Amino acid sequence: ENITLPADQPLVVSAAGDLAGGLVASRLTRSSAGDRRGYAWDRSTAPLTDAFFTGVSTGAGVTSTLLLTNADDTPADVDVRALTVQGEAAPSLTKGIQLAPHTTHTVPLANVAPDQDEITVEVIATRGRVASSVDELRRGDQPQGVDAVPEQAQAASTVVIAGIPGSGEHTL
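Figured I'd write up the structure that's included with this text. Fair warning: this is a prediction, and the values are worked out from it, not measured in the lab.

What about the overall build of the protein chain?
Then step 1. Assigned secondary structure in the protein chain consists of zero helices and eleven strands.
Then step 2. Mapped in sequence order, the helices and strands of the protein chain form the string β-β-β-β-β-β-β-β-β-β-β.
Then step 3. The buried share of the protein chain, taken over its 172 residues, is 29%.
Then step 4. When contacts within the protein chain are restricted to residue pairs at least 6 apart in sequence, long-range pairs at least 24 apart make up 71% of them.

Structural data, given as structure tokens:
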């Protein structure tokens, strides 16, 4: 079912019963004019206490925004870490963000880690849970629309990449 909501209003989707474990929701955004013209889609995630986004950019021509949504009936406190190749960026700017119940808060990532081509963003709920997402607005000679940066698995020194045939060692 399609539902149209104001951009700043969170939507909570829930399920009960035997099929509840298979609930999937996504967000499709459509804009017909301006820099955000076009479609953007991303998979919605359940509220968590820890989330990672890799490959985020605040470099030339890119405006990245972190969206934090508290869908619960209780307040949430959030810390945001932006990790660059030089280390953690501006940790004092993103500690203790308070979200009232049923609200969304935006964090312009250029204020946290300006002029960075690649950063990893970690969202840590120190109280409560939050759903989080990152939108990237790209501009060139002409506006290129908005892309959603998908949430990633927690950072690790070893990962499994499915679909690489053969046996033995592979260097990527």
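So, unusual backbone geometry
Then step 1. One non-glycine residue, His102, adopts positive backbone phi at about 60°.
Then step 2. Structurally, the position occupied by His102 is in the loop between strand S7 (97–99) and strand S8 (103–108).
Then step 3. When its relative accessible area of 43% is taken as the criterion, His102 is described as partly exposed.
Then step 4. At Asp115, a residue that is not glycine, the phi angle is positive and equals roughly 55°.
Then step 5. Note on placement: Asp115 falls in the loop between S8 and strand S9 (119–127).
Then step 6. Owing to a relative accessible area of 65%, Asp115 belongs among the exposed residues under this scheme.

Some points on the pattern of salt bridges
Then step 1. According to the stated counting rule, one finds four salt bridges in the structure shown.
Then step 2. In this structure, the salt-bridge partner of Arg129 is Asp72, at a minimum N-O distance of 2.9 Å. Here the residue Arg129 occupies a position in the loop between S9 and strand S10 (131–139), and Asp72 occupies one in the loop between strand S4 (62–70) and strand S5 (76–84), the gap between them amounting to 57 residues.
Then step 3. The class of Asp72 is buried, set by a relative accessible area of 18%.
Then step 4. With its nearest N and O atoms 3.2 Å apart, the salt bridge here joins Arg127 to Asp77.

Notes on the environment of Thr49
Then step 1. With respect to the secondary-structure elements, Thr49 resides in the loop between strand S2 (38–43) and strand S3 (50–56).
Then step 2. Between the alpha carbons of Thr49 and Ile124 there is a distance of 5.6 Å; along the sequence they are 75 residues apart.

A look at the environment of Asp79
Then step 1. Mapped onto the elements, Asp79 comes out in strand S5.
Then step 2. For the pair Asp79 and Thr94, spaced 15 residues apart in sequence, the C-alpha separation works out to 5.7 Å.
Then step 3. Those residues within four positions of Asp79 in sequence are excluded, and the remaining contacts are Thr94, Lys95, Gly96, Glu122, Val123, Ile124 and Thr126.
Then step 4. Polar side-chain contacts of Asp79 include one of 2.7 Å to the backbone nitrogen of Gly96.

Focus on the pairing of S4
Then step 1. Of all nine residues making up S4, seven are buried, and the element is well covered by its neighbours.
Then step 2. Where S4 and S10 come together, eight bridges link them in antiparallel fashion. Its bridge partner being in S10, Ser64 is matched across the sheet by Glu136.
Then step 3. Relative to S8, S4 runs antiparallel, the two sharing six bridges.

Rules used throughout
- Residues numbered from 1 in each chain as written.
- Predicted model: local features only at pLDDT ≥ 70, side-chain atom pairs only at ≥ 80, totals over all residues.
- Heavy atoms only, no water.
- Helix = DSSP H or I, 4+ residues; strand = E, 2+ residues; numbered from the N terminus.
- Buried < 20%, exposed > 50% of the residue type's maximum accessible area, 1.4 Å probe, protein only.
- Contact = heavy atoms within 4.5 Å.
- Salt bridge = Lys/Arg side-chain N within 4 Å of Asp/Glu carboxyl O.
- Polar contact = N/O pair within 3.5 Å; in protein donor to acceptor, adjacent residues only side chain to side chain.
- Pairing = 2+ DSSP bridges.

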